[in-house]
Amino acid sequence: MVVGAGAGSGVEVPALGGAPLVGSLFELKSDSLGTYLRARQEHGDVVRIVAGPPGLRAELYCVFSAEGAQQVLASESANFRKDNPFYQEIRDSFGNGLLTSQDEDYLRQRRLVQPLFTRRRVDGYAEAVAAETEAVVSAWERAPGGVVDVSGQMMHLALRTVARILFGTDVEATVDVVDRCFPVITEYVLRRGYSPANIPRSWPTPANKRAAAAMDELYAVCDEIIVERRTRPAGEAGEDLLALLAAAKSADDAEFDVTELRDQVLVFLLAGHETTATSLGFALHLLARHPEEQDRAREEIGRVLGDRTPEAADLERLPYLTRVLKETMRLYPAAPVIGRNAVAATEVDGHAIPAGANVILAPWVTHRHPLHWPDPERFDPERFTPEAEAGRPRYAWFPFGGGPRACIGQHFSMLESVIALAMILRAYEFEAVDTEVPVSAGITLRAEGPVRCRVRRLDR
């Protein structure tokens, strides 16, 4: 329940111990995901973490229970906004698109975009996913020593796929720019988003100048394609997602202007390729380490597909492969940490959360909560049988967020992941080279280094 600011009968939130002057600052910088896990293990489902020196100190109110996640994202979502510094840095770099916008801006954008993400519309992208995956499958025949970095390769595949769906025939003009500029911008966002204080972006420091140059180049290529789309003769706009966005109108004839279109494109590029790439890369990594599960998935793929190209309807025909992906997203959620800002004082799991608090949800931790996930580090796709899922709270697993701000592209992500994984596993057998893969929380979850697998062609 939400109570008046300064009121509240909830108990005080326990604090994670830290260094005398800077609290948990260095722990969060070196291993934020491990710090959140330790906080839950030592203090329970609601924990306060203090980080930074006096005068620049941040307090994080971490909520780790499934019930708390549901309260923050769904039942009391109006009280928890995307007003924290990290989202502002994303907004300043990638625009005020569907991921970062709020209030009337968000509602208006959602109304315009929603018709483009219906199940029927998204299912039409299956052919593009299959075509891009086939190119990857063919290229791996020439992999030096038969070893591929599945993390990097899936990032490339997901980027090409989302760019093809967004831009159609202009995919080649954008992939190289995105591939070059995104890492510069995301590192800049991360550094500023986690810093207790930042200098203005307008100051001509080397970091500011590098980020500004990358943003200028990225914006320019998007704007050029957008202008070209909007000046095409009627009937020649095409069916790629950008053409549909440019033509989208709400019931009151509202539409996106050029800047808003660019903001949506940038957010779709960011959220639409890094998240799916994370799921695909780690699914291959986990299957390479678990040959029995790999064989079971491949048997299902062969039985259902034979030699034909997978299509959208096959998602329902490949239940075990879908369970593999869901278990991958449990262990390696692409959005491992979600931040919100509490508008009013409230109680979560009986603990008092003050107005203005920085609230942290951590799927990385909740997905390992022993109350819902016995032996949580074990890879077990059978956790996602219909019977097992029915026995757990809704927010014990939330890789796509939830509530009114749930990811609009979650069906597309599952479609792309199932089709790509089916085609790759049908073509290759995988053996893990890197059995342990350190990870960190960036804008999305990322592997700290390569995720190498040895591949052996099966269908030649």
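Visitor: Help me out: how do you make sense of the overall build of the protein in this one?
Guide: Each helix and strand counted, the protein has 16 helices and twelve strands in total. Here the protein has a C-alpha radius of gyration of 22 Å; the compact-globule value for 460 residues is 23 Å, and the two agree. Taken over the C-alpha atoms alone, the protein extends approximately 65 × 55 × 45 Å along its principal axes. Within the protein, the proportion of its 460 residues that are buried is 56%. Contacts spanning at least 24 positions in sequence make up 74% of the contacts within the protein whose residues lie at least 6 apart. When the accessible area of the protein is evaluated, it comes to approximately 19500 Å², of which 53% is carbon and sulfur surface. Counting 51 positive and 65 negative side-chain charges, the protein places the averaged centre of each group 1 Å from the other.

Visitor: Is there a simple way to think about unusual backbone geometry in this case?
Guide: Of note, the phi angle at Asp 349 is positive, near 50°, even though the residue is not glycine. Here Asp 349 lies in the loop between β6 (346-348) and β7 (351-353). Owing to a relative accessible area of 34%, Asp 349 belongs among the partly exposed residues under this scheme. One non-glycine residue with positive phi stands out, namely Asp 375, at about 50°. By secondary structure assignment, the location of Asp 375 is in the loop between α14 (363-366) and α15 (386-390). For Asp 375, a relative accessible area of 47% puts it in the partly exposed group.

Visitor: Explain the pairing of strand β12 (residues 452-457) to me, please; I cannot follow it from the model alone.
Guide: Look at any regular strand and the pattern is simple: side chains alternate between the two faces of the sheet. By the alternation rule, side chains of β12 split into Cys 453, Val 455 and Arg 457, which are all buried, and Arg 452, Arg 454 and Arg 456, of which none is buried. As paired strands, strand β4 (residues 147-149) and β12 are joined by three bridges and run antiparallel to one another. Counterpart to Asp 149 in the pairing with β12 is Arg 452. Relative to β12, strand β9 (residues 428-432) runs antiparallel, the two sharing five bridges. Of the residues in β12, the one forming a bridge with Glu 431 is Arg 454.

Visitor: So what exactly am I meant to see when it comes to the pattern of salt bridges here?
Guide: Opposite charge on two side chains permits pairing when their charged atoms draw close. Inspection of the entire model under this criterion finds 30 salt bridges. Ionic pairing is found between Glu 187 and Arg 446, a salt bridge with its closest N-O pair at 2.4 Å. Separated by 259 residues along the polypeptide, Glu 187 in helix α8 (residues 171-193) and Arg 446 in strand β11 (residues 445-447) bring together distant segments of the chain. Assessed through its relative accessible area of 29%, Arg 446 is described here as partly exposed. Among the charged side chains, a salt-bridge network with shared partners connects Arg 308, Glu 311, Asp 314 and Arg 317.

Visitor: Looking at this model, I keep getting lost on the sheet that holds β4. Mind explaining?
Guide: Where strands meet in a sheet, backbone hydrogen bonds hold them as pairs that are either parallel or antiparallel. Spatial strand order, β4-β12-β9: three strands in an open sheet with antiparallel pairing. Each having just a single partner strand, β4 and β9 make up the two edges of the open sheet. Pairwise comparison of adjacent strand axes, ignoring direction, gives a mean angle of 40° for this sheet. On the sheet, helix α16 (residues 410-427) packs against β9 and β12 and is oriented at approximately 90° with respect to β9.

Visitor: Would you mind showing me how to read the sheet that holds strand β8 (residues 358-361) here?
Guide: Read across the open sheet, the five strands follow the order β1-β2-β8-β5-β3; overall the sheet is mixed. Two strands bound the open sheet, and with one partner strand each, they are β1 (46-51) and β3 (80-81). The pairing of strand β2 (residues 58-63) with β8 spans four bridges and is parallel. Looking at the pairing, Tyr 61 lines up with Val 359 of β8. The sheet strands contacting helix α2 (residues 66-75) are β2, β3, β5 (338-342) and β8, and the helix crosses β8 at an angle near 125°.

Visitor: I tried to follow the environment of Gly 281 on my own but got confused; where do I start?
Guide: By the element assignment, Gly 281 lies in helix α11 (residues 258-289). Classification of Gly 281 by relative accessible area gives buried; the value is 5%.

Visitor: Teacher, can you tell me more about the packing of aromatic side chains here?
Guide: How two aromatic rings sit relative to each other is given by the distance of their centres and the angle of their planes. The final tally for this structure, using the stated rule, is ten aromatic pairs. The interplanar angle of 35° and the centroid separation of 5.7 Å between the aromatic rings of Trp 373 and Phe 384 together place this pair among those described as tilted. Here the residue Trp 373 occupies a position in the loop between α14 and α15, and Phe 384 occupies one in the loop between α14 and α15, the gap between them amounting to eleven residues. Between the aromatic rings of Tyr 395 and Phe 398, the centroid separation amounts to 6.1 Å while the plane-to-plane angle is 50°, which identifies the pairing as tilted. The rings of Trp 140, Tyr 428 and Phe 430 are connected pair by pair, giving a single aromatic cluster. Seen from the ring of Tyr 219, Arg 262 lies directly overhead, with NZ or CZ sitting 4.3 Å from the centre. One residue, Arg 392, lies across the ring of Phe 384, its end atom 5.1 Å from the ring centre.

Visitor: It is not clear to me how the nonpolar core should be interpreted in this structure. Could you clarify?
Guide: One broad trend across soluble globular proteins is that nonpolar side chains are buried collectively. The biggest cluster of nonpolar side chains holds 149 residues, and the ones touching the most others in it are Trp 140 and Phe 430. Ignoring sequence-local partners within four residues, the contact set of Trp 140 consists of Val 148, Gln 153, Met 154, Leu 284, Ile 424, Tyr 428, Phe 430 and Val 455.

Visitor: What should I look at first to understand helix α12 (residues 291-305) in this one?
Guide: Since one α-helical turn is 3.6 residues long, residues separated by three or four positions face the same way. Along its 15 residues, α12 runs 21 Å from first to last C-alpha, staying within 8% of the 21 Å computed at 1.5 Å per residue. Following α12 by one or two positions, Gly 306 has its phi on the positive side, about 60°.

Visitor: I would appreciate a short explanation of the environment of Ser 93 in the present structure.
Guide: Tracing the backbone shows Ser 93 in helix α3 (residues 85-94). When residues no more than four places from it in sequence are discounted, the contact partners of Ser 93 are Ile 185, Tyr 188, Val 189, Arg 201, Met 215 and Tyr 219.

Cut-offs and rules
- Residues numbered from 1 in each chain as written.
- Predicted model: local features only at pLDDT ≥ 70, side-chain atom pairs only at ≥ 80, totals over all residues.
- Heavy atoms only, no water.
- Helix = DSSP H or I, 4+ residues; strand = E, 2+ residues; numbered from the N terminus.
- Rg over C-alpha atoms; globule rule 2.2 N^0.38 Å.
- Buried < 20%, exposed > 50% of the residue type's maximum accessible area, 1.4 Å probe, protein only.
- Contact = heavy atoms within 4.5 Å.
- Areas by Shrake-Rupley, 256 points an atom, 1.4 Å probe, with all protein chains shown as cover.
- Lys, Arg positive; Asp, Glu negative; His and termini not counted.
- Charge placed at Lys NZ, Arg CZ, Asp CG, Glu CD.
- Pairing = 2+ DSSP bridges.
- Salt bridge = Lys/Arg side-chain N within 4 Å of Asp/Glu carboxyl O.
- Axes fitted to C-alpha atoms, helices over the stretch in contact; angles between N-to-C directions.
- Phe/Tyr/Trp six-rings, centres within 6.5 Å; stacked < 30°, edge-to-face > 60°.
- Lys NZ or Arg CZ within 6 Å of the ring centre and 35° of its normal.
- Core = buried A, V, L, I, M, F, W, Y, C linked by side-chain atoms within 4.5 Å.
- Expected span 1.5 Å × (residues − 1).

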